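Chain by chain, the residues run as shown.
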Amino acid sequence: MTAYGSFPGARPRRLRTTPAMRRMVAETRLHPADLILPAFVREGISEPVPITAMPGVVQHTRDTLRKAAVEALEAGVAGIMLFGVPEDAKKDGAGTAGRDRDGILQVAIRDVKSEVGDDLVIMSDLCLDEYTDHGHCGVLDADGRVDNDATLERYAEMAQVQADAGVHVVGPSGMMDGQVGVIRDALDQTGHEDVSILAYTAKYSSAFYGPFREAVGSSLKGDRKTYQQDPANLRESLRELALDLEEGADMVMVKPAGPYLDVLAKVAEAVDVPVAAYQISGEYAMIEAAAEKGWIDRDKAILETLTGIRRAGAQMILTYWATEVARTL
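## Structural notes on the overall build of the protein chain
For step 1, the next point in the chain: Within the protein chain one finds eleven helices and ten strands.
For step 2, the next point in the chain: Taking 329 residues into account, the globule formula puts the C-alpha radius of gyration at 20 Å, and the protein chain, at 21 Å, falls close to it.
For step 3, the next point in the chain: Seen through its principal axes, the protein chain has C-alpha atoms that stretch 80 × 45 × 40 Å.
For step 4, the next point in the chain: Looking at the 329 residues of the protein chain, the share that counts as buried comes to 51%.
For step 5, the next point in the chain: Expressed as a percentage of contacts within the protein chain between residues at least 6 apart in sequence, the contacts between residues at least 24 apart total 75%.

Here is the structure:
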């Protein structure tokens, strides 16, 4: 028998002895209300179209989107982020379809609103990349560069039509300088003071977006490095954060989530507004692919990654597993 007080006096393992004990002392908990479901709705299809790089995720028809929204609500998911996928023939250099009151995204917002009302937070992607024939998040100038200020004018128009359709939250994702302020003014001047802005504050130029471009039928030529952030930079995100808050952001987001947990933690420490993180298509695809090969335990890996994002400071997580995970929590 060892003497009282001899090594080891502290035994942290006592708090890991049983599942009940571990559950009781857990510092981070996932809840369905932490989760937001990104969903794609495609114009001109009669059946959902599977996204090959994202097993289990589809481009929805209007009808199946309604069903997905109801399922998310019933599972306890907090919100749904909608992305419109127009017919290729409707794409042009200015992304006109994104500002059309009868464009696919605006129609989808009305569809979901009629189905779930205010019981599910309806969010919309506010960006031009789905609607431009060149695939960039803004309009181009004569030299082929994204014209920041001309793009802001388009964003203001998009905010108005999305708000008119009944959206609760707009998510400007284009990383244009001044976008939050211009959108806030546009909403306020058209009687939409109650529509919130989820700012894509730190959106990095990432290799993990690949499957998403299939999901939205992207026509991208080139890259987005002149407006999305350099993965090497962290302080730059804090500067973007300060600007977004000054311009009126109600919530802020870090995207992608997994490779940028350090950025997420810094942002969460610095603000007193809700913080979101987007577990993006490449993060999803890696887990699904490795699980399909039998290399990892799919369900445990999903929960572990989401817990890590939550632990780093995200109060809201956009994830394609939102409904599935919410049902298991």
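On we go.
## Quick notes on the pairing of strand β6 (residues 169-172)
For step 1, the next point in the chain: Every second residue of β6 is oriented toward a common face, with Val169 and Gly171 on one face and Val170 and Pro172 on the other, all of them buried.
For step 2, the next point in the chain: The pairing of strand β5 (residues 121-126) with β6 spans four bridges and is parallel. Across the sheet, leucine 126 pairs through a bridge with proline 172, a residue of β6.
For step 3, the next point in the chain: Summarising the sheet, β6 and strand β7 (residues 196-203) pair through two bridges and their orientation is parallel. Pairing of valine 170 across the sheet is with isoleucine 197, part of β7.
For step 4, the next point in the chain: In this region the chain leaves β6, passes through helix α5 (residues 179-189) and returns to the parallel neighbour β7; the handedness of that crossover is right-handed.

## Section: the side chain of glutamine 59
For step 1, the next point in the chain: Within the secondary structure, glutamine 59 is located in strand β3 (residues 58-60).
For step 2, the next point in the chain: Among the residues examined, glutamine 59 registers a relative accessible area of 5% and is labelled buried.
For step 3, the next point in the chain: Within the structure, the side chain of glutamine 59 is placed 2.8 Å from the side chain of arginine 42, a separation counted as a polar contact.

## Digging into unusual backbone geometry
For step 1, the next point in the chain: The step from lysine 255 to proline 256 runs through a cis peptide bond, and the omega angle for that step is -5 degrees.
For step 2, the next point in the chain: Structurally, proline 256 is set in the loop between β8 (251-255) and α8 (261-270).
For step 3, the next point in the chain: In this structure, methionine 175 is a non-glycine residue whose phi angle is positive, near 60 degrees.
For step 4, the next point in the chain: Along the chain, methionine 175 falls in the loop between β6 and α5.
For step 5, the next point in the chain: Looking at methionine 175, the relative accessible area reads 6%, which means it is buried.

## What about a positive patch on the surface?
For step 1, the next point in the chain: Taken together, Arg11, Arg13, Arg14 and Arg16 make up a surface patch of like positive charges.
For step 2, the next point in the chain: Note on placement: arginine 16 falls in the segment before α1 (19-25).
For step 3, the next point in the chain: Judged by its relative accessible area of 52%, arginine 16 falls in the exposed class.

## Observations concerning α8
For step 1, the next point in the chain: Within the span of α8, buried status applies to Val263, Leu264 and Val267. For α8, the angular spread of the buried residues around the axis is 100 degrees, confining them to a single face.
For step 2, the next point in the chain: Buried-residue contacts for α8 involve β7, α7 (235-247), β8, β9 (275-278) and α10 (298-311).

## Details of the nonpolar core
For step 1, the next point in the chain: Counting residues in hydrophobic clusters, the biggest one holds 95 residues, and the most contacted among them are Phe40, Ile80, Leu82, Tyr155 and Tyr278.
For step 2, the next point in the chain: Residues within four places of tyrosine 278 in sequence aside, it is in contact with Pro38, Phe83, Tyr200, Phe212, Met253, Val254, Lys255, Pro256, Ala257, Glu283, Leu318 and Tyr320.

## Details of empty space enclosed by the protein
For step 1, the next point in the chain: Going through the model one piece at a time under the given rule, you end up with one cavity of 30 Å³ or more.
For step 2, the next point in the chain: Computed from the structure, the largest cavity encloses a volume of approximately 90 Å³.
For step 3, the next point in the chain: Considering the residues around the largest cavity, the lining is formed by 13 residues, among which Asp129, Lys203, Phe212, Arg224 and Lys255 are closest to the centre.
For step 4, the next point in the chain: Its residues assigned to classes, the lining of the largest cavity shows four nonpolar, two polar and seven charged.

## Quick notes on the packing of aromatic side chains
To describe a pair of aromatic rings, you give the distance between the ring centres and the angle between the ring planes.
For step 1, the next point in the chain: For the structure shown, the criterion picks out six aromatic pairs.
For step 2, the next point in the chain: Geometrically, the ring pair formed by phenylalanine 40 and tyrosine 320 is stacked, given 6.0 Å between the ring centres and 20 degrees between the ring planes. A residue pair is termed long-range when its members are at least 10 positions apart, and phenylalanine 40 in strand β1 (residues 35-42) and tyrosine 320 in the loop between β10 (316-318) and α11 (322-328) qualify at 280 residues. In this structure, phenylalanine 40 and tyrosine 320 share a single accessibility class: buried.
For step 3, the next point in the chain: Three or more aromatic residues joined by ring pairs form one cluster here, namely Phe40, Phe83, Tyr278, Tyr284, Tyr320 and Trp321.
For step 4, the next point in the chain: Seen from the ring of tyrosine 209, lysine 203 lies directly overhead, with NZ or CZ sitting 5.9 Å from the centre.

Definitions and cut-offs
- Residues numbered from 1 in each chain as written.
- Predicted model: local features only at pLDDT ≥ 70, side-chain atom pairs only at ≥ 80, totals over all residues.
- Heavy atoms only, no water.
- Helix = DSSP H or I, 4+ residues; strand = E, 2+ residues; numbered from the N terminus.
- Rg over C-alpha atoms; globule rule 2.2 N^0.38 Å.
- Buried < 20%, exposed > 50% of the residue type's maximum accessible area, 1.4 Å probe, protein only.
- Contact = heavy atoms within 4.5 Å.
- Pairing = 2+ DSSP bridges.
- Right-handed = clockwise from strand over helix to strand, strands pointing away.
- Polar contact = N/O pair within 3.5 Å; in protein donor to acceptor, adjacent residues only side chain to side chain.
- Patch = residues over 30% accessible without salt bridge, like charges linked within 9 Å, V, L, I, M, F, W, Y side chains within 5 Å.
- Areas by Shrake-Rupley, 256 points an atom, 1.4 Å probe, with all protein chains shown as cover.
- Salt bridge = Lys/Arg side-chain N within 4 Å of Asp/Glu carboxyl O.
- Lys, Arg positive; Asp, Glu negative; His and termini not counted.
- Charge placed at Lys NZ, Arg CZ, Asp CG, Glu CD.
- Arc of directions from axis to C-beta.
- Core = buried A, V, L, I, M, F, W, Y, C linked by side-chain atoms within 4.5 Å.
- 1 Å grid on protein atoms, 1.4 Å probe; cavity = no way out; pocket = protein on both sides within 12 Å on 5 of 7 lines; lining within 4 Å.
- Points joined across faces, edges and corners; volume = space filled by probe spheres on them.
- Nonpolar A, V, L, I, M, F, W, Y, C, P; charged D, E, K, R; others polar.
- Phe/Tyr/Trp six-rings, centres within 6.5 Å; stacked < 30°, edge-to-face > 60°.
- Lys NZ or Arg CZ within 6 Å of the ring centre and 35° of its normal.

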